[in-house]
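Residue-level structure breakdown
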Amino acid sequence: MNLSDLWEILSLQNYNTRVVVLSTTILGIATGLVGSFLLLRKRSLMGDALSHATLPGIAIAFGLMTSWGFDGKSLPVLLAGASISGVLGVLLMLAIRHTTRLRDDVAMGLVLSVFFGLGIALLTMVQEIPGVSAAGLESFIYGKPASIILSDFILIAVVSVAICLTTILLFKEFTLLCFDDGFAASQGWPALWLDIALLGLVTAVTVIGLQSVGLILIIAFLITPPTTARFWTNNLSHMAILSGVFGALSGWLGATVSALYQDLPAGALIVLVAAALFIASMLFAPARGVVPRSLRQRRLRHKVARQHVLRAAYEILETQCDHEHHESPGAHLVDNKPFRSETLLAKRTWSRRSLHKTLRAEQKLEHLTLRPDGTVLLSEAGFGEAARVTRNHRLWEAYLITHADIAPSHVDRDADMVEHVLEPELVLELERVLREREAWIAMPPSPHTIPNH
Amino acid sequence: MTWIPEDSWIVLTGALCAMACALPGCFLVLRKMSMMGDAISHAVLPGLATAFLVTGSRASLTMFLGAAVVGVLTAVFTQWITRLGNVDQGAAMGIVFTTLFALGLVLIRSAADKVDLDPSCVLYGAIELTPLDTVTLFGYLVPRATLVSGIVFLLNLGIIVALFKEFRLSAFDSGLADTLGFSSHFLHYLLMVMVAVTTVAAFEAVGSVIVIAMLIVPAATALLLTHRLGLVLLLACLFGASSAFLGHLGAITVPTWFGFQDTNTSGMMATAAGFLFLIVWIVAPRTGLVAQFFHKRTDLPDLPSQGKKARPTASR
């Protein structure tokens, strides 16, 4: 293969390649859109059951058409058969779920295996019809995009566009159905019919996808792009669009690669491209990817650890002042003086190593200086930050005591969790709420005794 | 229709296979993992292909190992994606098994010149050819597939009888099992290994259509009839074995009504299992469609108190 071949295929100059690549790309958009809702409805494997359930329909349609003397392999007829038995499978699934104790997954597995078994049995039978070759039917199981011709492409394109339009029209309703079907029903939406409409769209998209990726792998087209898109955004309409884009990308790249390497199965290549996109997104997508998320969590953990050190330091300074002035806690200003770093160790359950790591990190931020005689001195900025953190902690404690009825002896741990994420607006709100209650003081005293070591 | 000794071997093999699948299948159904059987049976394809490409032979043992390893990996990968990526378990399962299956197809096709490994043979199986491949056991000629199915059945039976209490507890309340000191994690992976080994052994013998069906359908049928776990296991085995018999009977009789010779036995066994489910679904006492109709739906099946005595149900 030389470069001009490669260019010819990538730029869709070859007629056959053009039809195949365009079909799988359009199909990718449609499956991506519909699949998003299927994923959010936690019914991803429904597509799997449905695609297996189409096999008996294909076999019966082929058998009937051939025995009546028509061309059994005409695509629209086979797809009509596939849709009918697919819909039958879906209705059976819903019926099993509603009339027995068995759950969704059992209903899916049941319909899948029994319909597929029946399909295999029927397919073996119709292959015996004398004088007719049913050889092409197997391509519905593994998919054979290369067999797509212009009329098939038109069928795929028309159905895909219809599916996309319907999905866009029903976008709001499907969103409601996915997030809270009980609420949708109580608002007067026909939730059951919407559910059936969604499954109808899934059936349609599955049936037209059979020819290109096959009934075992079409499920990947329905699941993988939406799941990939989910890592990139928390917004449903963005997710649906991205999912369509990922679907189109997998279809385009997969079909192109299979045009380059003729002997590799195209359906499988499309699935592998989609899977590669999935793995990359799962690891690196900024919104929900594993690596960015663990980096964020690490940063938060460090910030929390640093704030804990600062608050502990402030409370130590406070206790020192109390001892010197022999007064009630919080009744005076706290002086910033050096204190022994050993005293920090007893304030919390932290190891010497992690404490020193955090202290060094704080020193780098110029919040404090570790002095050679084993004492710690907060800088001006560090002291201000320590006061702010402690104040947030106490404000939250006070709020919990007055408004959430939490006992003063238990409030410390609860406040510990929340204080690090208090936004400035929230602090203002807390101040406002608490000011209505009692005389306001700049640094509220701790509502519980601070353990003194 | 003529019934020859070979037919008996086929039915026996199918029945042993069905029972071997039905036992772990009951726990899959109870633990909401019914689709795992489907996933594993598709996902083992690259394991088979790799084992073949590495060793260059179709020796059963290496193929078996390769497939079993990939089968367990399917469960592990699904768990990872579910936990790490915060993805719905069904979706994770779907992504893992389709990717592995696609990988298997590519591997097989790229080595097509030297591989005599047909993906459709893996799917449909060739249970009809069972009696042709025999081994000698205690001086008798026994089909190899029958022997393999029998061994797997006894293995599964042994594990489940030995760990019955632990499995029951972790199926219904894995949290309680953990606090009592039975690692439900370990039991989960033990179950996955059982499913993988059973799947591989069975589809080598009879094709994976039977496996997927027999993992779920007999267990679901039995669950319609009773809540007692021991009885569910027993009934599931019974339904599995009867579907094997009915399936083969159907495969050699039903097609003749329409002027065909015969059809795929594996497919018909799955169909027969579905047929038995349909009958039980309609006529089951108390929970069947007929009974529900006559009770005017006052006794909905998912309420915890059914019949005279309130009994804890399978669902939580």
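Computed from a prediction, not measured in an experiment: that's the story for all the values here.

The rules behind each value
Residues numbered from 1 in each chain as written. Chains lettered and ligands numbered in written order. Predicted model: local features only at pLDDT ≥ 70, side-chain atom pairs only at ≥ 80, totals over all residues. Helix = DSSP H or I, 4+ residues; strand = E, 2+ residues; numbered from the N terminus. Buried ≥ 20, exposed ≤ 12 C-beta atoms within 10 Å, placed from the backbone. Contact = placed C-beta atoms within 7 Å. Pairing = 2+ DSSP bridges. Nonpolar A, V, L, I, M, F, W, Y, C, P; charged D, E, K, R; others polar. UniProt positions renumbered as here; feature names shortened; annotations may be inferred. Core = buried A, V, L, I, M, F, W, Y, C linked by C-beta atoms within 7 Å. Expected span 1.5 Å × (residues − 1). Bend = angle between axes of the 7 residues up to and from the residue. Domains from an automatic or database assignment. pLDDT = per-residue confidence, 0-100. Axes fitted to C-alpha atoms, helices over the stretch in contact; angles between N-to-C directions. Parallel < 35°, antiparallel > 145°, perpendicular 65-115°, else oblique. Left-handed = near helix turned anticlockwise from the far one by under 90°.

1. Observations regarding the overall build of chain B
Counting its regular elements, chain B contains 14 helices and two strands. Considering chain B as a whole, with its 316 residues, one finds that 52% of them fall into the buried category. Put simply, of all contacts in chain B between residues at least 6 apart along the chain, 69% involve residues at least 24 apart.

2. Concerning the overall build of chain A
Across its full length, chain A carries 19 helices and three strands. Out of the 453 residues belonging to chain A, those deemed buried represent 46%. For chain A, the share of sequence-separated contacts (at least 6 apart) that also reach a separation of at least 24 residues comes to 71%.

3. Section: the sheet that holds strand β3 (residues 375-378) of chain A
By definition, the strands of a sheet pair up through backbone hydrogen bonds, in either a parallel or an antiparallel sense. All names here are of chain A. The sheet built from three strands is open, its strands ordered β1-β3-β2 with antiparallel pairing. Two strands in the sheet have a free side with no partner beyond their single neighbour: β1 (339-340) and β2 (368-370). Across two bridges, β1 lies against β3 in antiparallel orientation. Its bridge partner being in β3, Arg 340 is matched across the sheet by Thr 375.

4. Some details on the interface of chain A and chain B
At the interface, 47 residues of chain A touch 60 residues of chain B. Looking at the side of chain A that touches chain B, the elements with two or more residues in it are α6 (104-126), α11 (191-230) and α13 (266-284) of chain A. A per-class count over the side of chain A that touches chain B returns 29 nonpolar, nine polar and nine charged.

5. With respect to the UniProt feature "transmembrane region" (unreviewed entry) in chain B
All names here are of chain B. Within this numbering scheme, the UniProt entry marks residues 9-30, 61-81, 87-108, 147-165, 232-254 and 266-284 as carrying the feature "transmembrane region" (unreviewed entry). In this annotation, residues 87-108 is assigned 91% helix and 0% strand; the end-to-end C-alpha distance for the span is 30 Å. For residues 266-284, the helix share is 95%, the strand share is 0%, and the end-to-end C-alpha distance is 26 Å.

6. Focus on the nonpolar core
Within the largest apolar cluster, 203 residues are counted, with the highest numbers of intra-cluster contacts made by Val111(A), Ile210(B), Met214(B) and Ala220(B). Sorting elements by how many residues they give to this core places α11(A) first, with 20 residues. Within the second largest apolar cluster, 18 residues are counted, among which are Leu359(A), Leu368(A), Leu378(A) and Val389(A).

7. Quick word on the pairing of β3(A)
Residue and element names in this part refer to chain A. Residues Val 376 and Leu 378 of β3 are buried on one face, while the alternating residues Thr 375 and Leu 377, pointing to the opposite face, are not. Summarising the sheet, β2 and β3 pair through three bridges and their orientation is antiparallel. The residue of β3 that forms the bridge with Leu 370 is Val 376. Counted along the chain from β2 to the antiparallel partner β3, the turn is four residues long, and its residue Gly 374 has a positive phi close to 85°.

8. Looking at helix α12 (residues 229-257) of chain B
Its 29 residues place the ends of α12(B) 40 Å apart at the C-alpha level, agreeing with the 42 Å of an ideal helix rising 1.5 Å per residue. The largest bend in α12(B) comes to about 35°, at Gly250(B).

9. Details of the domain arrangement of chain A
Here chain A is partitioned into domain 1 (14-221) and domain 2 (297-435). For domain 1 of chain A versus domain 2 of chain A, the distance between C-alpha centres works out to 60 Å.

10. Brief notes about the UniProt feature "transmembrane region" (unreviewed entry) in chain A
UniProt marks residues 20-40, 52-70, 76-94, 106-126, 146-171, 192-209, 240-261 and 267-291 of chain A with the feature "transmembrane region" (unreviewed entry), using the numbering shown here. The span residues 76-94 of chain A is 100% helical and 0% strand by assignment, and the distance between its end C-alpha atoms comes to 27 Å.

11. Focus: unusual backbone geometry
Residue and element names in this part refer to chain B. Of note in this structure, Lys 32 is not a glycine but carries a positive phi near 60°. You can see Lys 32 is positioned in the loop between α1 (5-30) and α2 (35-43). In this structure Lys 32 comes out as partly exposed when scored by C-beta crowding, with 16 C-beta atoms within 10 Å. Positive phi values are uncommon outside glycine, yet Asn 86 reaches one of about 60°. Following the sequence through the fold, Asn 86 ends up in the loop between α4 (60-84) and α5 (89-110). Residue classification places Asn 86 among the partly exposed positions, given that 14 C-beta atoms sit within 10 Å.

12. Quick notes on the confidence of the model for chain B
Residue and element names in this part refer to chain B. In the predicted model, chain B carries a mean pLDDT of 79, and 81% of its residues have values of at least 70. Averaged pLDDT values for the elements of chain B fall to 57 in helix α6 (residues 119-124) and rise to 89 in helix α13 (residues 265-283). Residue range residues 303-316 is modelled with pLDDT below 50. Its contacts to residues more than four positions away, or to other chains, number 15 contacts. In the predicted assembly, ipTM is 0.83 and pTM is 0.79.

13. Considerations on the packing of α6(A) against helix α11 (residues 208-225) of chain B
Axis separation between α6(A) and α11(B) bottoms out at 9 Å; the angle between their running directions is 135°. It follows that α6(A) is oblique to α11(B) by the angle criterion. Crossing hand, α6(A) versus α11(B): left-handed. Across the interface between the two elements, Val106(A), Gly109(A), Leu110(A), Leu112(A), Ser113(A), Val114(A), Phe116(A), Gly117(A) and Ile120(A) of α6(A) pack against Val209(B), Ile212(B), Ala213(B), Ile216(B), Val217(B) and Ala220(B) of α11(B).

14. Focus on the packing of helix α3 (residues 46-53) of chain A against helix α5 (residues 75-99) of chain A
Residues and elements named next belong to chain A. For the pair α3 and α5, interaxial distance at closest approach is 8 Å and the crossing angle is 135°. Judged by the angle between their axes, α3 and α5 are oblique. As α3 packs across α5, the resulting crossing turns out to be right-handed. Note on element contacts: α5 touches α3 through Ser 85, Gly 86, Gly 89, Val 90 and Met 93, opposite Ala 49, Leu 50 and Ala 53. Along the lines of polarity and charge, the residues of the contact of α3 with α5 split into five nonpolar, three polar and no charged.

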